[in-house]
Amino acid sequence: MPKPVVAIVGRPNVGKSTLFNRLVGNRVAIVEDEPGITRDRLYRDAEWAGRVFTLVDTGGLDFAGSGDIPRQVRRQVELAIEEADVILFLVDARAGLTSTDEDTAALLRRTRKPVLLVANKVEDFQRPGQLAEFYRLGLGEPIPVSAAQGMNTGDLLDRLVSVLPPETGEEEEADTIRIAVIGRPNVGKSSLVNAILGEERVIVSEIPGTTRDAIDTWFEREGQRYILVDTAGIRRKSRIEEAVEKYSVIRSFKAVDRCEVALVVLDALEGVTDQDKRIAGYAHEQGKASVLVVNKWDLVNKDSHTYQRFTELIRRELAFMTYAPVVFVSALTRKRISRLLEMVNLVAQQQCLRIGTSDLNRLIRDAVLRNPPPAAKNKRLKIFYATQSGVKPPTFILFVNDPELMHFSYLRYLENQLRAAFGFEGTPIRFILRQRD
């Protein structure tokens, strides 16, 4: 189930960032940074009353402003609104209603999405009449809060959770592989999707997607059924020609949440960018099987060492994802597309591998004998027992004498031993440490 997206919008200086920090701060039950994008501080996952959602901070709307910066800010906000499931419209209770608030309300009414009108900077919660003028916006009763003081934000979160899209427990057939094509704008996602769904397709039909107005494409190839998890960036490329890459991350996140295999598309002409690292990092942190797809390979001037150099670049820049196979393709000429689907099948299978308990413990025992864990704090780590607790991704529980003695480098060593013995190509591996007396 993808996480709903909640966007905070409003004119400048109404306290959007303050509310953002408050809602994802100590007053939220569980808060978790999205991997790789903490420097931007625009997105944060939060949980309230058992519902996880992604909160998005936006720039201040200024419809009267001219020039490139106000235009770009408006475009960013429009993209955030387009991707959001729920919108928090923030106004300033102290400053009162403004013409910019009215213009923003007119924009939001056209979205036909749930909009919560939030009146910030309220100092006296016993005077509801002070908010009467905001009823003119036609967005219902304003919710009074003080983001700076954290007052009434719990009630706001209760209201927010009540209007989030309902959770669904629907699952696809077990033998159907969900594929998400993710990446920055203009790396060739649309062309890659068209190449995968080319003339040689056997069966193609459309089924309603689980995210807002998205369509998932179902197809079959050589007896294997697939679902391509669509995003706005795939089907409506023309609408993101002014692409603000920060907001493309939201599209990728929503696609990754719903997939089993992520195709992380890179541009052969541009190499690996910071945005590529953010998107790939999210797929890794979510435990998704992944294939790194280098597109536009036909446009690269090659010599006998080009393939090796580019592969080394990818492994260096995406060092956390060395398990993911790399496939060089041309979506335009459809070169190696069949190879790409072969890798999808492989990594989908590998993420479901289960290792017998006796084989697993034999491997762990031999690995420890070859390379004993280093001592720390005058104590040495002891691994008593191991068992596999799950798949997608493969997850292993290690019972040890003291989890704090386990160094990340030794866990990496154990992971490498598992991969050397059993494969697990294309899928991350998770370890859970439990203390046993």
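Residues numbered from 1 in each chain as written. Predicted model: local features only at pLDDT ≥ 70, side-chain atom pairs only at ≥ 80, totals over all residues. Heavy atoms only, no water.

Draft legend 1. Fine view of the confidence of the model for the protein. In the predicted model, the protein carries a mean pLDDT of 83, and 84% of its residues have values of at least 70. The weakest mean pLDDT in the protein belongs to strand β2 (residues 30–32) at 35; the strongest belongs to strand β13 (residues 289–295) at 97. The low-confidence segment residues 26–41, where pLDDT is below 50, has 43 contacts with residues more than four positions distant or belonging to other chains. Taken together, the stretch residues 199–214 has pLDDT below 50 and engages in 40 contacts with residues farther than four places along the chain or on a different chain. (pLDDT = per-residue confidence, 0-100. Helix = DSSP H or I, 4+ residues; strand = E, 2+ residues; numbered from the N terminus. Contact = heavy atoms within 4.5 Å.)

Draft legend 2. Representation of the pattern of salt bridges in the model. Per the counting criterion, the structure on display carries 17 salt bridges. D267 serves as the salt-bridge partner of K296, at 2.9 Å between the closest nitrogen and oxygen. Of this pair, K296 sits in the loop between β13 and α9 (306–317) while D267 sits in strand β12 (residues 261–267); the two residues are 29 residues apart in sequence, bridging distant segments of the chain. Under the relative-accessibility criterion, D267 is labelled buried at 2%. Put simply, D274 and K277 hold a salt bridge, and the shortest N to O gap is 3.9 Å. With a gap of three residues between them, D274 and K277 both fall in helix α8 (residues 274–285), about one helical turn apart. On the basis of relative accessibility, which here comes to 41%, the residue D274 falls in the partly exposed class. Connected through salt bridges with shared partners, the residues R184, E270 and D276 form a single ionic network. (Salt bridge = Lys/Arg side-chain N within 4 Å of Asp/Glu carboxyl O. Buried < 20%, exposed > 50% of the residue type's maximum accessible area, 1.4 Å probe, protein only.)

Draft legend 3. Representation of unusual backbone geometry in the model. K392 connects to P393 through a cis peptide bond whose omega is 5°. Turning to its location among the elements, P393 is positioned in the loop between β17 (383–390) and β18 (395–400). Phi at R334 is positive, roughly 65°, even though this residue is not glycine. Position of R334 among the secondary structure elements: in the loop between β14 (326–328) and α10 (337–350).

Draft legend 4. Broad picture of the side chain of K288. Along the chain, the position of K288 falls in the loop between α8 and β13. Excluding its chain neighbours within four sequence positions, the residues that come into contact with K288 are V256, D257, C259, E260, A283, G426 and P428.

Draft legend 5. Structural view of the pairing of strand β4 (residues 51–57). Along β4, six of the seven residues are buried, which leaves the element largely enclosed by surrounding structure. The pairing of strand β1 (residues 5–9) with β4 spans four bridges and is classified as parallel. Considered in β4, the bridge of A7 is made with V56. Connecting strand β3 (residues 43–48) to the next strand, β4, in antiparallel fashion are two residues, including A49 with a positive phi near 55°. (Pairing = 2+ DSSP bridges.)

Draft legend 6. Looking closely at the sheet that holds β17. With respect to topology, three strands assemble into an open sheet ordered β17-β18-β19, the strand pairing being mixed. The outermost strands of the open sheet, each flanked by one partner alone, are β17 and β19 (430–435). When the angles between neighbouring strand axes are averaged without regard to direction, this sheet yields 25°. With six bridges joining them, β17 and β18 adopt antiparallel strand pairing. By the bridge assignment for β18, A386 is matched with L398. (Axes fitted to C-alpha atoms, helices over the stretch in contact; angles between N-to-C directions.)

Draft legend 7. Highlighting the packing of aromatic side chains. According to the stated counting rule, one finds ten aromatic pairs in the structure shown. Ring centres 5.3 Å apart and planes at 45° place the aromatic pair Y410 and Y413 in the tilted group. Of this pair, Y410 and Y413 both sit in helix α12 (residues 408–422), three residues apart, which is roughly one turn of that helix. Y413 shares its class with Y410; the two are buried. Taken together, the aromatic side chains of W297, Y307, F310 and F328 make up a single cluster linked through ring pairs. The ring of F384 is capped by R436, whose NZ or CZ atom sits 4.4 Å from the centre of that ring. (Phe/Tyr/Trp six-rings, centres within 6.5 Å; stacked < 30°, edge-to-face > 60°. Lys NZ or Arg CZ within 6 Å of the ring centre and 35° of its normal.)

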